[in-house]
Amino acid sequence: MTRLYLSCDSCALSVGADELAQALTAQLGEQIDLQRTSTRGMFWLEPLLEVETPQGRVGYGPLTTEDLPSLLAADLLNGGDHPLCIGLVEQHPYLARQQRLTFASLGHNRPLVMEDYAAQGGWSGLQRALTLSAQQIVDEVKESGLRGRGGAAFPTGIKWQTVLDAQAPYHRGFDEAVKFIVCNADEGDSGTFSDRLVMEDNPFQLIEGMLIAALATGATRGYIYLRAEYPHAHRVLQQAITLAEQQGYLGEAILGSHHRFHLQVRLAAGAYICGEETALLESLEGKRGMVRAKPPLPALEGLFGQPTVVNNVISLASVPLILNKGGAYYRDFGQGRSRGTMPLQLAGNIRQGGLVEVAFGVTLREILYDFGGGSASGRPIKAVQIGGPLGAYIPPAHFDTPLDYEALAAIGGMVGHGGIVVFDDQADLGQMAAFAMEFCALESCGKCTPCRIGSTRAQEVLARIRQGEDAEDNLALLTDLCDTMEQASLCALGGMAPYPVKSIVKYFGEELHSVSQTPSAGGQH
Amino acid sequence: MAAHIPLAPVESSTEARIRTLASDLKQQPGALLPILHAVQDTFGYVPECTAAVLATELALSRAEVHGVISFYHHFRTRPAGAHVLHICRAEACQSMGSAALERDIKQLLNIDYHQTTADGSVTLEPVYCLGNCACSPNIRLDDAIHGRMTLARTERLLQQLKEGQA
């Protein structure tokens, strides 16, 4: 019997992995043991079928069911050669050049099989944490230099310290002096999918990270606030939590200790602003997702007024390794004040899109060409947008910038959640500037004036510029409006929506003045 | 002779069902969103009487409940078609020609966003990112995401739906 591996991640499913699995089982039946694993994160190759051979796993992709006859004729079950064969998967340069710490298990585990998680070193971080004091756990995370991977890049250890030191008042609804761990899984930035990968492909890693955060701060309850656009992740997380409860990892007396932690998933309802931590807390409380003024910090008065850790999925998923191998191990990756690794997500018009986890410091050019292989269309890359819909559009002149928090900030960009969206020379960036403000207007919570009204006014001004109406005066007005939004908005949505617009004015100014004939932003390929 | 027992006030079945859904969830703090999800999952939309029923159940004002329902894009206040088709409009999909796909699908179905086809089979909605940005452009048909979409593949999927119903 030959063992085959095929991902059950929603990316693989979206391009036909289930149909392929059915066809393989129908045709090969007893000859194969088909395991549905996590993805490798090489998405241009999905569905990627791997065959176990004495030399290692041999990969084939991207496959459709129509490729099966020729694959079988080429001796697929013994790793035979075929035009879609990529050779030994582990030696593929895309993987071999990465430093996968947080995503080390990708491709090696079945997401909901607890034995697979343990076999990949899972729960070792938790077990060590159970032997440490809360302060020792916090110190380990501080040592690692981990900064919030959701976009704000705030040092995780310092946030945890604040919650550890906070005195929780008694809360009637929970009948205890409760502290919370809230996982921000409202991954709404276009071009990002690393949170989804953790939740769908290795959900126990997130659960372990949240448990460690709970031990570090004295929290007894946790919520995963998950975006409604991720139905597959929702199903996987629900099952993972049930399994973890059955095995004594969640609930009362965790692994026989005196610690307890209750975890549940809360489904969001399609509002980008709820990725902002205070809007997220309002939403968890059952209200409109309106941004709160800070202070008070959520660490002190967060969910239901109680001390609360709000961390992104990747931040929490980085913690098991930090506890397992020590903060210093993690810190020794990266450069400057950007420590450890960053899971970059290569998306849009790129030939080899997928997950690229590397230590901070690699240049944009290496990511785009060495990993990405250039644009999907084969045309020149004109710009990349980094860090989601509020990130700047970076021109090729800056492609030698190293990716770290400070270096990107120096050219007006940001790492954000690590999404990199690529545009070729057919993209209409004037349209993308207009879209940035359209999106801000659509998603503004409406609490503060600069964001609520500014975004709509900016759309109008941009339309006038694009129509060539008093272009110079309107450009001055736009700049003024962007400054106002940037400086006077309550949160990052209004405060950063000007970033993409200003970068397009700065680097691609001439494109603002031409309304394209098609509504398309890019060529249809 | 049996005593005359007064009948309970007549309540529409919709209201009763919403009350039942709420009673299962309302003990947990911050229950409104989970309850609204349950209501929409049950009816396919959030019926008009929901705000009044939940206001009573959760001791909130009707305005508060209405405010929550109207804030979130996910909640619809009118029934959808048999299937909901979301087209991703976010940047990564745009970089791979989603605007043209969007135009073609609208033409194919002869509807705009937030509308339902004349035969009631498909409701069209925009969505901003499905988390599959390395396989753009993407659509979501009910709970399944489909990557590397073309008009031809969309037509095939819709055809399969029709045949499945027959």
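Structure first, text after, so check above.
These lines cover the structure that appears in this document, whether it is placed above or below. Keep in mind the model is a prediction, meaning the values are calculated, not measured.

## Observations concerning the pattern of salt bridges
Residues and elements named next belong to chain A. Within the structure shown, the criterion is met by 37 salt bridges over all chains. Between Asp 33 and Arg 3 there is a salt bridge, with the nearest N and O atoms lying 2.9 Å from each other. Here Arg 3 lies in strand S1 (residues 2–7) and Asp 33 lies in strand S2 (residues 32–37), a separation of 30 residues in the sequence. Looking at Asp 33, the relative accessible area reads 24%, which means it is partly exposed. Overall, the relative accessible area of 33% leaves Arg 3 in the partly exposed class. A salt bridge links Glu 50 to Arg 40, with the nearest nitrogen and oxygen atoms 2.9 Å apart.

## Comments concerning the pairing of strand S9 (residues 308–312) of chain A
Most of S9(A) is tucked away: five of the five residues are buried. Neither face of S9(A) is open: one carries A:Thr308, A:Val310 and A:Asn312, the other A:Val309 and A:Asn311, and all of them are buried.

## Quick word on the interface of chain A and chain B
Interface size is commonly expressed as the accessible area that is lost once the parts come together. In this assembly, 70 residues from chain A lie in contact with 43 residues from chain B. Of the roughly 4,200 Å² buried at the junction of chain A and chain B (both faces included), carbon and sulfur atoms supply 57%. Where chain A packs against chain B, one counts two salt bridges. Residue A:Glu438 is joined to B:Arg89 by a salt bridge in which the shortest nitrogen-to-oxygen separation is 3.0 Å. Inspection of the chain A/chain B interface yields 28 residue pairs in polar contact (both at pLDDT 80 or more). Of all elements in the fold, only helix H1 (10–14), helix H11 (231–246), strand S8 (262–267), helix H12 (277–284), strand S12 (341–348), strand S16 (419–424) and helix H17 (429–443) of chain A reach the threshold of two or more residues within the side of chain A that touches chain B. Considering each element in turn, the side of chain A that touches chain B owes the most residues, seven residues, to H17(A).

## Some thoughts on unusual backbone geometry
The general pattern is negative phi for most residues beyond glycine and trans for most peptide bonds. The amide bond that connects A:Glu46 to the next residue, A:Pro47, takes the cis arrangement and shows omega of -5°. The residue A:Pro47 is located in the loop between S2 and strand S3 (49–53) in this model. Residues A:Lys294 and A:Pro295 are joined by a peptide bond in cis, for which omega reads 0°. By the element assignment, A:Pro295 lies in the loop between H12 and S9. At A:Ala153, a residue that is not glycine, the phi angle is positive and equals roughly 60°. Summarising the element assignment, A:Ala153 is placed in the loop between helix H7 (134–144) and helix H8 (156–165). Classification of A:Ala153 as buried rests on a relative accessible area of 9%. A positive phi is found at B:Ala59, a non-glycine position, where the angle reads about 55°. Structurally, B:Ala59 can be placed in the loop between helix H3 (50–58) and helix H4 (62–71). By relative accessible area, which is 73% here, B:Ala59 ends up exposed.

## Regarding the pairing of S16(A)
All names here are of chain A. Counting buried positions over the six residues of S16 gives six, a clear majority of the element. The side-chain alternation of S16 yields two buried faces, one formed by Gly 419, Val 421 and Phe 423 and the other by Ile 420, Val 422 and Asp 424. Here S12 pairs with S16 via four bridges, running parallel. Paired with Gly 348 across the strands is Val 422, a residue of S16. The pairing of strand S14 (residues 381–386) with S16 spans five bridges and is classified as antiparallel. Looking at the pairing, Ile 386 lines up with Ile 420 of S16.

## Here we look at the nonpolar core
Counting 153 residues, the largest nonpolar core has A:Trp160, A:Leu206, A:Ile207, A:Ile273 and B:Tyr72 as the members making the most contacts within it. Among the elements that take part in this core, helix H10 (residues 203–217) of chain A stands out by supplying 10 residues, more than any other. A:Ile350, A:Phe371, A:Leu403 and A:Leu408 belong to the second largest nonpolar core, which has 33 residues in total.

## Considering the packing of aromatic side chains
All names here are of chain A. As enumerated under the stated definition, the model contains 21 aromatic pairs over all chains in all. Plain terms: the ring middles of Trp 44 and Tyr 94 are 4.6 Å apart, the flat faces sit at 70° to each other, and that makes the pair edge-to-face. One end of the pair, Trp 44, is in the loop between S2 and S3; the other, Tyr 94, is in helix H4 (residues 93–96), with 50 residues separating them in the sequence. Like Tyr 94, Trp 44 is buried. Here the aromatic rings of Trp 123 and Tyr 249 are separated by 3.7 Å at their centres, their planes lie at 15°, and the arrangement is stacked. Of this pair, Trp 123 sits in the loop between helix H5 (114–119) and helix H6 (124–129) while Tyr 249 sits in the loop between H11 and S8, and the two are 126 residues apart along the sequence. Grouped by ring-pair contacts, the aromatic residues Tyr 117, Trp 123, Phe 204 and Tyr 249 constitute a single cluster. A cation over an aromatic ring shows up here: Arg 57 above the ring of Tyr 5, its NZ or CZ 3.5 Å from the ring centre. When the ring centre of Tyr 230 is taken as origin, the NZ or CZ atom of Arg 227, which lies over that ring, is 4.8 Å away.

## Considering helix H15 (residues 364–371) of chain A
Residues and elements named next belong to chain A. Inspection of H15 places Leu 364, Ile 367, Leu 368 and Phe 371 among the buried residues, and these make up the whole buried set. Taken end-on, H15 shows its buried residues confined to a sector of 120°, consistent with a single buried face. In the stretch just after H15, Gly 373 is the one whose phi turns positive, near 70°.

## Observations concerning the sheet that holds strand S13 (residues 354–359) of chain A
Residue and element names in this part refer to chain A. With mixed pairing, five strands are arranged side by side in an open sheet as S13-S12-S16-S14-S15. The strands lining the two open edges of the sheet, one partner per strand, are S13 and strand S15 (393–394). Against the sheet, H15 contacts S12, S13, S14, S15 and S16, and its axis sits at roughly 115° relative to S14.

## Some details on the side chain of A:Arg266
Tracing the backbone shows A:Arg266 in strand S8. One buried charged residue, A:Arg266, remains without a salt bridge, the closest side chain of opposite sign being A:Glu285 at 9.6 Å. Polar side-chain contacts of A:Arg266 include one of 2.9 Å to the side chain of B:Gln28. Within the local environment of A:Arg266, its side chain forms a polar contact with the backbone oxygen of B:Gly30, the two atoms lying 3.0 Å apart. Other than its neighbours up to four places away in sequence, A:Arg266 contacts A:Tyr223, A:Ile224, A:Tyr225, A:Leu226, A:Leu284, B:Gln28, B:Pro29, B:Gly30 and B:Pro34.

## Examining the sheet that holds S3(A)
Residue and element names in this part refer to chain A. If you walk across this open sheet you meet the five strands as S2-S1-S3-S4-S5, and the pairing is mixed. Sheet topology places S2 and strand S5 (85–88) at the edges, where each strand pairs with a single neighbour. Strand-to-strand twist of the sheet, defined as the mean angle between neighbouring strand axes without regard to direction, takes the value 25°. Bridge analysis of S3 against strand S4 (residues 56–60) gives five bridges, and the strand direction is antiparallel. Counted as the bridge partner of Val 51 is Val 58 from S4.

Parameters and conventions
Along each chain, numbering runs from 1 in the same order as the chain's sequence is written. The naming scheme follows written order: chains are lettered A onward, ligands numbered 1 onward. Totals for whole chains, interfaces and linings use all residues, but because this is a predicted model, local features are given only for residues with pLDDT of at least 70 and pairs of side-chain atoms are given and counted only at 80 or more. Calculated side-chain values reflect all of the structure's heavy atoms, with hydrogen atoms and water omitted. We define a salt bridge as a side-chain nitrogen of Lys or Arg found within 4 Å of a carboxyl oxygen belonging to Asp or Glu. Numbering of helices and strands runs from the N terminus; a helix is a DSSP stretch of H or I covering at least four residues, while a strand is a stretch of E covering at least two. For the exposure calls, accessible area comes from a 1.4 Å probe over protein chains only, and a residue counts as buried if that area is under 20% of its type's maximum, exposed if over 50%, partly exposed in between. Working rule for contacts: check all heavy atoms of both residues, and any pair within 4.5 Å makes them a contact. Accessible area that two parts lose when put together, with a 1.4 Å probe and added across both, is what the buried area reports. Counting of polar contacts relies on pairs of N or O atoms within 3.5 Å, with two restrictions inside protein: one atom must be capable of donating a hydrogen and the other of accepting it, and residues adjacent in sequence are counted only when both atoms are side-chain atoms. Pairing between strands is defined by DSSP: at least two bridges between them are needed. Side-chain atoms within 4.5 Å link the members of a nonpolar core, which is a set of buried Ala, Val, Leu, Ile, Met, Phe, Trp, Tyr and Cys residues. Pairs were defined over the aromatic rings of Phe, Tyr and Trp, the Trp ring being its six-membered one, requiring ring centres within 6.5 Å. Orientation was assigned from the angle between planes: stacked under 30 degrees, edge-to-face over 60, tilted for the rest. Counted as over-ring charges are cases with an Arg CZ or a Lys NZ within 6 Å of the ring centre that also lie within 35 degrees of the ring normal. To obtain the arc, one takes the directions from the helix axis to the C-beta atoms. Note on geometry: axes are lines fitted to C-alpha atoms, helical ones only across the stretch in contact, with angles between N-to-C directions running from 0 to 180 degrees. Neither His nor the chain termini are counted; the positive set is Lys and Arg, and the negative set is Asp and Glu.

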